[in-house]
Amino acid sequence: MLLLRCCHRLTRACPFNTQRHRGAPALASYAFRLWSSSGSSGGEGQRSYLGASWKHALVGLVAGTGAVLAYSLHHHKAEQTETPLEKRSALPIFTQEDVTGHRTLEDGVWVTYKGGVYDITEFVAMHPGGDKILLAAGGALEPFWSLYAVHNQEHVLEILSEYKVGELSAEDLKKQQSVTTSDPYSSDPVRHPALRVNSLKPFNAEPPPEILSDSYITPSAIFFKRNHLPVPQVDPGSYRLYIEGLPGGVLALSLEDLKTKFPKHTVTATLQCAGNRRSEMNKVKQVKGLNWGIAAISNATWSGAKLRDVLLAAGYGPDVAKWARHVQFEGLDKDVSGTTYGASIPLNKAVSEEGDVLLAYEMNGEDLPADHGFPVRVVVPGTVGARNVKWLGKVTVSAEESGSHWQQNDYKGFSPGTDWDTVDFKSAPAIQELPIQSAITAPADGGVVERSSEEVTVKGYAWSGGGREVVRVDVSLDGGKTWQVAQLKDGENEAPPPPGRAWAWKLWEVQAPLPPEAQELEIICKAVDNSYNMQPDSVPPIWNLRGVLSNAWHRVKVKITEDESGE
């Protein structure tokens, strides 16, 4: 009955074309026949095959994996046709603009995959993962499929091929722009349409929160984007990184030098914008800055040369340590006046063997994407995103902090009583390590839970700056009256971090029964790190005019509705 109920909910999820997909309503009866047959007295081989099919169908429907349902659909459709779609020729060519124009059920839902264009409108209603499939609408499937490994199977690609309607133009496939304009942002890269944009020029966007906690490693395409200036176009062949301020003089390193002359190190590290969750401060009192939600944070694996190794090769030693206090970074991104983005970190972080600061040239096992600093960026684990300078052009060992605007007159915290008439940026230190943080990614604020489900699953992330490990996340369903401890999740192959080097976030989850009389849940989460730092319980005491360091308890309200069927 559970299987039949799941199938019924899938088929009623949203309207679809029943002429093409008569197999979809029939899936319940198909699965029921598998179940019945698996207990029949047929031959041993038949029982084995049907039993395996039944198990796969049940696991797929209960776990919400699209591949199993699609596999059954594929075989049903295969009975109706003898000519595979891949034999079609002369398919039309579509531009990315054409694809982006199909993002709703009314206009059609189109996606791209490895240069192909696919109309998946009629499959949306049958997708066991629910309407998350619509997040890919108008864009590429790759970053979403990397979240859900079940799709990386041959039969899933065969199913997808049946929905192919054309090819993406070569220009869009290569993400090149053929028209040159005076707009400094005209050469910016193409971004995934699922990103929630906070500003277009410069481009700043975050992923939908509901998918942020679905994968320990955030796919590069939906990793939050924080740009201060136009994305520079850098030729990797002529690229040079200049190391300055050391006794040996200026050291110029090519990309190839970084890859061949220094050991390659890989670090899994979370980056968070100082303004993450700024929107909650705006609800208290308006602040200046991008109106970030809870998703200006992401986690990735970064690979490159250790900054320590490069500084040692350039002449850093005990004599330099006597006078140097900071390491400055300068990007290749510039404003119209030629001013570049800059920042700095303390010298002891840069040269520490345990600091794990990287001159990174890879992200998630591939070359850095343009939005994330190609060809080289600095990754400073445990430190605010603003110091992780992208498109790195210069590193300077200095007795002074960076004189950059973003180091001196931005990314600093102030008292709630400080306003723009009284603020003195020189009176506050630049943000480096960030405080303990957590947020609820599902269910969404204003969401609905059916009473018949009998329980609610709450998911989220937690992270603390400075390498401090998150050791506990507390979750309340009743506005803080009672609490329960969430289950913390690391990456599949992640070893426990050494003390002081917990650079990556923890994902967490709680499954709890619905309170019998409640009509609404006020869900709260709060995290604790291994130094027993805790989140403040409300926003007003930490409000500040720039809206940074927003880490109060995260709260969402969810309504409980009675099941329409009356069950």
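Residues numbered from 1 in each chain as written. Predicted model: local features only at pLDDT ≥ 70, side-chain atom pairs only at ≥ 80, totals over all residues. Heavy atoms only, no water.

Asks: I'd like to hear about the packing of aromatic side chains, residue by residue, with values.
Replies: For any two aromatic rings, the description comes down to two numbers: the centre-to-centre distance and the angle of the planes. Counted under the stated rule, the structure contains 10 aromatic pairs. With a centroid separation of 5.2 Å and 90° between ring planes, the pair formed by phenylalanine 414 and phenylalanine 425 is classed as edge-to-face. You can see phenylalanine 414 sitting in the loop between α15 (405–408) and β19 (437–442) and its partner phenylalanine 425 sitting in the loop between α15 and β19, a full 11 residues away along the chain. The exposure class of phenylalanine 414 is buried, given its relative accessible area of 13%. Its guanidinium or amino end placed over the ring of tryptophan 420, lysine 288 lies 4.5 Å from that ring's centre, counting from NZ or CZ. When the ring centre of tryptophan 483 is taken as reference, the NZ or CZ atom of lysine 526 above it lies at 4.7 Å. (Phe/Tyr/Trp six-rings, centres within 6.5 Å; stacked < 30°, edge-to-face > 60°. Helix = DSSP H or I, 4+ residues; strand = E, 2+ residues; numbered from the N terminus. Buried < 20%, exposed > 50% of the residue type's maximum accessible area, 1.4 Å probe, protein only. Lys NZ or Arg CZ within 6 Å of the ring centre and 35° of its normal.)

Asks: Give me the side chain of histidine 554: which residues, what numbers.
Replies: Topologically, histidine 554 is positioned in strand β27 (residues 554–561). For histidine 554, a relative accessible area of 6% gives the class buried. Residue contacts for histidine 554: discarding those within four places in its chain leaves Arg277, Glu280, Ile294, Ser438, Ala439, Ile440, Ile523, Ile524 and Cys525. (Contact = heavy atoms within 4.5 Å.)

Asks: Help me get a handle on the sheet that holds strand β5 (residues 164–168), residues and values and all.
Replies: Here 5 strands make up an open sheet; going across it, the order is β1-β5-β4-β3-β2 and the pairing mixed. Strands with a single pairing partner mark the edges of an open sheet, and in this sheet they are β1 (93–94) and β2 (103–104). Here strand β4 (residues 116–119) runs beside β5; their pairing, made up of 3 bridges, is antiparallel. Looking at the pairing, valine 117 lines up with glycine 166 of β5. (Pairing = 2+ DSSP bridges.)

Asks: If you had to explain the pattern of salt bridges to someone new, which residues and values would you point to?
Replies: For the structure on display, the rule yields 22 salt bridges. Between aspartate 474 and lysine 526 there is a salt bridge; the shortest N-O distance is 2.8 Å. Taken as a pair, aspartate 474 in strand β22 (residues 470–476) and lysine 526 in strand β26 (residues 520–529) lie far apart in primary sequence, 52 residues in all. For aspartate 474, a relative accessible area of 6% puts it in the buried group. The class of lysine 526 is buried, set by a relative accessible area of 15%. Each of the salt bridges in this network shares a partner with another, and the network as a whole consists of Asp188, Arg191 and Asp371. (Salt bridge = Lys/Arg side-chain N within 4 Å of Asp/Glu carboxyl O.)

Asks: Mind laying out the pairing of strand β14 (residues 340–346), listing which residues take part and the relevant values?
Replies: Judged by how many residues are buried, β14 sits mostly within the fold: 6 of 7 residues are covered. Pairing of strand β13 (residues 326–334) with β14 involves 6 bridges; the strand directions are antiparallel. Of the residues in β14, the one forming a bridge with valine 327 is isoleucine 345. Count of turn residues in the β13/β14 antiparallel hairpin: 5 residues, of which glycine 338 carries a positive phi of about 90°.

Asks: Go over the nonpolar core with me, naming the residues and quoting the values.
Replies: Leu258, Leu311, Val327 and Leu392 are the most contacted members of the largest nonpolar core, which totals 55 residues. Counting only domains with at least three residues in this core, you end up with domain 2 (204–409) and domain 3 (436–561). Sequence-distant contacts of leucine 258, defined by excluding residues within four places in its chain, comprise Leu241, Leu253, Ala305, Val310, Leu359, Tyr361 and Val376. (Core = buried A, V, L, I, M, F, W, Y, C linked by side-chain atoms within 4.5 Å. Domains from an automatic or database assignment.)

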